[in-house]
Amino acid sequence: MQSLSNRKKVVSDKPMNFMEKIYLPAILGGMWITFKHLFRKNNTVKYPEEQRVFAPVYRGMHVLKRDEQGRENCTACGLCAVACPAEAITMEAAERVKGEENLYREEKYAATYDINMLRCIFCGLCEEACPKEAIFLTDRIVPSEFEREDFLFGKDKLVEPMNARIDVTKRQHTGQRGTK
Amino acid sequence: MDSGLIIEKLVLVAIIFSISLLIAMYATYFERKVAAWFQDRIGPDRAGPFGILQPLADGVKMFMKEDFIPSHSDKWLFILGPGISMFTSLITSAIIPWGEDLTIFGNTVALQVADFNIGILFIMGVLSVGIYGIMIGGWASNNKYSLFGAIRASSQMISYELAMGVSVITIVMMTGSLSLKDIVQDQHGMNWNIFYQPVCFIVFFVCALAETNRAPFDLPECESELIGGYHTEYSSMKLGFFLFAEYVSMFISSAIIAILFFGGYNFPGMDYFSGNALAILSIIAFFTKIFFFIFVFMWIRWTLPRFRFDQLMHLGWKSLIPIALINLLITGLVIALNKGWF
Ligand code: SF4
Ligand code: SF4
């Protein structure tokens, strides 16, 4: 078959000739290659100071969205928890009482909602499963902590604050399902 | 022996001891930097400016770790192993001539702790004892991977020590002396042994790589198959000792390579200097050579993949030993011819 890249090399197991057997030419050639790398520019991104540019669909730390009027979207249906392959999501549902219509969009809401960030594999299936467009993964990185318990992210860390809304309009699952 | 000489030697011992440790410490830092540069990275740069406090941070980390002794291990041998490794790598520095004689307050100070007349033999002996640290440590761990590492270390040592010994004999034949001081003085100026014995140098260098367990001959530790080999079960500063001993012996090996083949502290144009200027310049020349070889050791580590064990044995027994022997024979003939023995 014709080679597409013109870089194809046919593998052979013919016995090594003398120059190959003494290894030295190959070793010096290899050392020359590594030596040239000494003077190359490094590719390091010094993380906390600089950050790599993420794609808008990057799967990082989750956010629990509010709608335009600031009401929490999540209705505690549990579909995300069922979809989650790592079983990272747990929640408790509660019924919305009168006077809370400005807090929760649906009649049922999540009283607690926890994601264990050490279990989560950032697959994004929770985002895909959610019928209410309530949970999204974002391009934020989960901060590092010293204690295991600190990776249990509750609603305090997940629900987006009113004064710092998080833009998810570029994500694949935005606006796919009608919001009733 | 008068007390002045004892004090002088003790001071020299203290200085050499701390310099060896300091260089070994910074060799660990430098190794990571070199690895990073070869791989287009930056390397450790967080601890202090350019990361120069990294070895301290590593040391503190090593000390803070839990010092664990497996319950099935032989406790005393387990503790002894790293100690032997460290001890033997450090003790070889005693007979290395570090430079021309220095004159301090009218006293002539030889920059060598002890000028044995069997210097190079002493080094070979100590190096072979050094492998016992690895063997004992690997054996005492009572772990199959450690045992494999220990067995590999010993068989590797046996197969390379021979070729190394023969190549050393070649140099000794040329010099006519086993003393390191004589070997160095014989290569005055630019009259280095490498120009007469390039083959011998290659054999010796390969053997030195194998002796110090550096890549591509790092089969005793071999992370990918033996999970660290002889130091699998070690933790805390005992592990630190093993790793550190490797860097100390790398330093000493570089010094010995420089002495045997690259003229030790000799440098071209040294006849124009005398007295303390010559002494200091010779020390600088010697350390430049040592640092260059440490760099080459690292360079090779980050270039070559690890040898397979049968390739290693093949290289040792079927290539290096015959080459070294033939080289020895030819050298002997040439020396005999020059002396007019035929
Ligand atoms: S991203 Fe995947 S693993 Fe993480 S919580 Fe969502 S479904 Fe679970
Ligand atoms: S985040 Fe979405 S899927 Fe999960 S419980 Fe809330 S509404 Fe249901």
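Attention in this report is confined to the structure presented alongside it. Source: prediction; values computed, not measured.

## Some details on the pairing of strand β3 (residues 108-116) of chain A
Residues and elements named next belong to chain A. Two strands pair when backbone bridges link them, and strand β2 (residues 89-95) and β3 are joined in this way by 7 bridges, in the antiparallel orientation. From the neighbouring strand, Ala94 faces β3, where its bridge partner is Tyr109. Pairing analysis gives 2 bridges linking β3 to strand β5 (residues 152-153), with the strands arranged antiparallel. Across the sheet, the residue bridging to Ile115 is Phe153, located in β5.

## A look at the sheet that holds β5 of chain A
Pairing is antiparallel across the open sheet formed by 3 strands, whose spatial order is β2-β3-β5 (chain A). Pairing within the sheet leaves two strands with one partner each, and these edge strands are β2 and β5 of chain A.

## What to know about the pattern of salt bridges
The final tally for this structure, using the stated rule, is 14 salt bridges over all chains. Here Arg46 of chain B and Glu49 of chain A are joined by a salt bridge, their closest N and O atoms 3.1 Å apart. Taken together, the positions of Arg46 of chain B in the loop between α1 (3-38) and α2 (54-64) and Glu49 of chain A in the loop between α2 (24-37) and β1 (62-64) put the pair across two chains. Taking relative accessible area as the criterion, Glu49 of chain A reaches 59% and is therefore assigned exposed. Linked through salt bridges whose partners overlap, the residues forming this network are Lys46 and Glu49 of chain A together with Asp45 and Arg46 of chain B.

## Some details on the site of ligand 2
Close to ligand 2 lie 14 residues, the nearest being Cys74, Cys77, Gly78, Cys80 and Cys130 of chain A. Each residue belonging to the shell around ligand 2 can be placed in one class, and the counts come to 11 nonpolar, 2 polar and 1 charged.

## Digging into the interface of chain A and chain B
At the interface, 17 residues of chain A touch 16 residues of chain B. Around 1500 Å² of area is buried between chain A and chain B when both sides are counted, 67% of it from carbon and sulfur atoms. Looking only at chain A, the three residues that lose the most surface to chain B are Met31, Thr34 and Leu38 of chain A, adding up to 34% of its buried area. Linking chain A with chain B are 2 salt bridges, by the criterion used here. Ionic pairing is found between Asp45 of chain B and Lys46 of chain A, a salt bridge with its closest N-O pair at 2.8 Å. Counting across the chain A and chain B interface gives 8 residue pairs in polar contact (both at pLDDT 80 or more).

## Comments concerning the site of ligand 1
Within the structure, ligand 1 sits among 13 residues, and Cys84, Cys120, Cys123, Gly124 and Cys126 of chain A are positioned closest to it. Of the residues that constitute the shell around ligand 1, the class distribution is 11 nonpolar, 2 polar and no charged.

## Overview of a nonpolar patch on the surface
Together, Phe18, Met19, Ile22 and Leu24 of chain A together with Ile202 of chain B give the surface a local cluster of nonpolar side chains, amounting to about 460 Å² of exposed area. Relative to the helices and strands, Leu24 of chain A resides in helix α2. What makes Leu24 of chain A partly exposed here is its relative accessible area of 31%.

## Some points on unusual backbone geometry
Of note in the backbone geometry, Glu87 of chain A takes a positive phi value of approximately 50° without being a glycine. Its relative accessible area of 59% is what places Glu87 of chain A among the exposed residues. Despite not being glycine, Asp40 of chain B shows a phi value in the positive range, around 55°. Checked against the element boundaries, Asp40 of chain B lands in the loop between α1 and α2.

## Observations concerning the packing of aromatic side chains
Under the counting rule described, the total for this entry stands at 27 aromatic pairs over all chains. With a centroid separation of 5.6 Å and 55° between ring planes, the pair formed by Phe204 of chain B and Phe261 of chain B is classed as tilted. Here Phe204 of chain B, found in helix α7 (residues 198-211), pairs with Phe261 of chain B, found in helix α9 (residues 236-261); they are 57 residues apart in sequence, far enough to count as distant. Residue classification places Phe261 of chain B among the buried positions, given a relative accessible area of 0%. Relative to Phe291 of chain B, the ring of Phe287 of chain B has its centre 6.0 Å away and its plane inclined at 50°; by these criteria the two rings are tilted. Of the two residues, Phe287 of chain B and Phe291 of chain B are both situated in helix α10 (residues 275-301); the distance of 4 residues between them amounts to about one turn of the helix. A relative accessible area of 15% places Phe287 of chain B in the buried class. Residue class for Phe291 of chain B comes out partly exposed when judged on its relative accessible area of 42%. Sitting above the plane of the Phe153 of chain A ring, Lys157 of chain A keeps its charged end 4.5 Å from the centroid.

## Brief notes about the side chain of Ser167 of chain B
As for its position among the elements, Ser167 of chain B is in helix α5 (residues 144-175). If we ignore the near neighbours within four places in the chain, the residues touching Ser167 of chain B are Cys200, Val203 and Phe204 of chain B.

## A word on the environment of Ile169 of chain B
All names here are of chain B. The topology assignment puts Ile169 in helix α5. Looking at Ile169, the relative accessible area reads 42%, which means it is partly exposed. Distance in space between the C-alpha atoms of Ile169 and Ala324 is 9.6 Å, their sequence separation being 155 residues.

## Observations regarding α5 of chain B
Residues and elements named next belong to chain B. The end-to-end C-alpha distance of α5 is 45 Å, a good match for the 46 Å that 32 residues give at a rise of 1.5 Å each. The axis of α5 is deflected most strongly, by about 25°, at Tyr160. By the N-cap criterion, in which a side-chain oxygen at the helix start approaches the backbone nitrogen of a residue two or three places on, α5 is capped by Asn143, the distance to Tyr145 being 2.6 Å.

## A word on α2 of chain A
Compared with the 20 Å implied by 1.5 Å per residue over 14 residues, the 20 Å span of α2 of chain A between its first and last C-alpha is a close match. For α2 of chain A, the full list of buried residues reads Met31, Thr34 and His37 of chain A. When α2 of chain A is viewed along its axis, its buried side chains cluster within an angular range of 105° and face the same direction. In this fold, the buried residues of α2 of chain A make contact with α1 and α10 of chain B.

What counts, and at which threshold
Residues numbered from 1 in each chain as written. Chains lettered and ligands numbered in written order. Predicted model: local features only at pLDDT ≥ 70, side-chain atom pairs only at ≥ 80, totals over all residues. Heavy atoms only, no water. Pairing = 2+ DSSP bridges. Helix = DSSP H or I, 4+ residues; strand = E, 2+ residues; numbered from the N terminus. Salt bridge = Lys/Arg side-chain N within 4 Å of Asp/Glu carboxyl O. Buried < 20%, exposed > 50% of the residue type's maximum accessible area, 1.4 Å probe, protein only. Near = heavy atom within 4 Å. Nonpolar A, V, L, I, M, F, W, Y, C, P; charged D, E, K, R; others polar. Contact = heavy atoms within 4.5 Å. Buried area = accessible area lost by both parts, 1.4 Å probe. Polar contact = N/O pair within 3.5 Å; in protein donor to acceptor, adjacent residues only side chain to side chain. Patch = residues over 30% accessible without salt bridge, like charges linked within 9 Å, V, L, I, M, F, W, Y side chains within 5 Å. Areas by Shrake-Rupley, 256 points an atom, 1.4 Å probe, with all protein chains shown as cover. Phe/Tyr/Trp six-rings, centres within 6.5 Å; stacked < 30°, edge-to-face > 60°. Lys NZ or Arg CZ within 6 Å of the ring centre and 35° of its normal. Expected span 1.5 Å × (residues − 1). Bend = angle between axes of the 7 residues up to and from the residue. Arc of directions from axis to C-beta.

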